[in-house]
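Commentary on secondary and tertiary structure
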Amino acid sequence: EYQRDIKRMPTHRDTDYVRYIVPNSTKRFEVFTIPGKAAEYQRKKGHGLGSALSILMVKKIYSSVKKKCQAKDEELQKYFGTKDTELIAGKILLHGKLKVKVYIAQPMIELFLDIIFAFEIIGTLYVLIVSRTLSHFLILCCAVVGLVRISMELSRTIGRYISRNFMAKKPFNNPLKSNTALRQFESQMWQLIVHTLMSGMELWAYSKSTDFLNYPSYLFNADQLLGDGSISDPIKYLYLIQLAVWFVTLVSLKFFEVRASDHHVMYTHHVVTIGVVSLSYGFKRYTNFGLVVFMLHDISDVPLDIMKILDILRLQGPSALYLAEIVYFVQMTIWGYCRLYLYPKNIIYYGVYGGLFMRKSPEGNTYWCELMKPGSHLYQSLLSKGKINEWKNAYNQDCQHGGGLCYRTNDMSSIFKISEKYQSSPVVYIMCAWW
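Residues numbered from 1 in each chain as written. Predicted model: local features only at pLDDT ≥ 70, side-chain atom pairs only at ≥ 80, totals over all residues. Heavy atoms only, no water.

On inspection of all chains with the given rule, the structure shows 20 aromatic pairs. Here Tyr-161 and Phe-166 contribute two aromatic rings whose centre-to-centre distance is 6.0 Å and whose plane-to-plane angle is 70°, an arrangement assigned as edge-to-face. Arranged with centres 5.1 Å apart and planes meeting at 10°, the rings of Trp-391 and Tyr-395 form a pair that is stacked. Of the two residues, Trp-391 and Tyr-395 both sit in helix α15 (residues 388–398), four residues apart, roughly one turn of that helix. For Tyr-395, a relative accessible area of 13% gives the class buried. Three or more aromatic residues joined by ring pairs form one cluster here, namely Phe-220, Phe-283, Tyr-286, Phe-289 and Trp-368. In this structure, Lys-254 is placed above the aromatic ring of Phe-255, and the distance from its NZ or CZ to the ring centre is 6.0 Å. (Phe/Tyr/Trp six-rings, centres within 6.5 Å; stacked < 30°, edge-to-face > 60°. Helix = DSSP H or I, 4+ residues; strand = E, 2+ residues; numbered from the N terminus. Buried < 20%, exposed > 50% of the residue type's maximum accessible area, 1.4 Å probe, protein only. Lys NZ or Arg CZ within 6 Å of the ring centre and 35° of its normal.)

Given below as structure tokens:
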């Protein structure tokens, strides 16, 4: 019977349990519940949901669900005055707390995301085949899987050793003794490793490129149109590694990881990220934007990962010389500077908005759409090289918003003017206004 219960304990689809701590005591009791049902039981205070036992995945009372330790009858009698499982379960469900993030299945959302992901796989494979980098991508996926396994194993071994031998006594009390803490430590160490490695690669690739943060007019890649259409090797391999990391982590999220309440949020995040990176790589003109966005995000994630690791290890407060608190202020400074200052100012405003709607950049260079308009020097260069179709596609996609449905007026008296053919369409009007 015990072995049968073990098989029904939490899997990647069942993550709910409720913990009840006896008043004026440290004694705790827990029940393992059907996903989503415990929250509904508490919300309705048990009304209309039948017996409390119907909420339980396993109809037993535990002293620890995670350790699979069943509470003894004498303990139940002592603290609840009864051994009746139904009465005790009802009290725990009503007055206890949900201790693990609740995953509630959303089949339609899951199916919708699965369909988008399937199309992304097809689209990404097409882009990689056309660019002749599919074999590189597959090799990098295998390398990422290997890196994940190695980093997890090393983090588990080293973390457990440090926790047991150097942090066993107060005030740290062996912070990684529980499986949950150890699993969080492993996951966060992997995040730190990948963000650190990617930040180093991105800084190296940035050093081989133009200083785009100070010269945002160069973010649109005109060289890609004038040259042979290829992407520089540092940026190309950076994109392939990013795609490999996101594909591997999405497969892990979908099939292997414990599902939490934010499962669909994270699934959506990964799907959107893969789509944006694949499109940017496929169009090629936007890879400079991608380089800077990768760099700003990954660099600002490194101190965040360190802060989380210090928190898991309980290296906080006076006993740890306020180490976690110091890293927190460092992290907030770097995160705020990269994501709340450089990103919106240099990338979104001077990079994207300036490239589309301004003539001159702050450093005096000509912006993208001004550089691309008919009769310009870039236009004449592309015309002389027989690349008029490349110019037309780029100009329509970037400067005549909506692929020619809506476009800027030459005198800038109005940002948008809709093509006469579509002026009677309210859908196109709304789309152009939003764009």
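Additional details are given in the paragraphs that follow.
Counting residues in hydrophobic clusters, the biggest one holds 58 residues, and the most contacted among them are Phe-137, Val-292, Trp-368 and Met-372. Setting aside chain neighbours within four positions, we find Trp-368 in contact with Phe-220, Asn-221, Ala-222, Leu-225, Arg-285, Gly-355, Leu-378, Asp-398 and Cys-399. (Core = buried A, V, L, I, M, F, W, Y, C linked by side-chain atoms within 4.5 Å. Contact = heavy atoms within 4.5 Å.)

To continue, consider a nonpolar patch on the surface. The grouping of Ile-150, Leu-154, Ile-158, Tyr-161, Ile-162 and Phe-166 at the surface amounts to a nonpolar patch, some 630 Å² of accessible area in total. Structurally, Ile-162 can be placed in helix α6 (residues 134–166). Overall, Ile-162 belongs to the partly exposed group, its relative accessible area being 35%. (Patch = residues over 30% accessible without salt bridge, like charges linked within 9 Å, V, L, I, M, F, W, Y side chains within 5 Å. Areas by Shrake-Rupley, 256 points an atom, 1.4 Å probe, with all protein chains shown as cover. Salt bridge = Lys/Arg side-chain N within 4 Å of Asp/Glu carboxyl O.)

So, about the packing of helix α11 (residues 287–312) against helix α12 (residues 323–357). Think of two packed helices as two axes; the pair is described by the angle between the axes and how far apart they sit. In the contact formed by α11 and α12, the axes pass within 8 Å of each other and the chain directions differ by 165°. Between α11 and α12, the angle falls in the class roughly antiparallel. Here the hand of the crossing between α11 and α12 comes out left-handed. (Axes fitted to C-alpha atoms, helices over the stretch in contact; angles between N-to-C directions. Parallel < 35°, antiparallel > 145°, perpendicular 65-115°, else oblique. Left-handed = near helix turned anticlockwise from the far one by under 90°.)

Any functional reading would require information beyond the geometric quantities listed.
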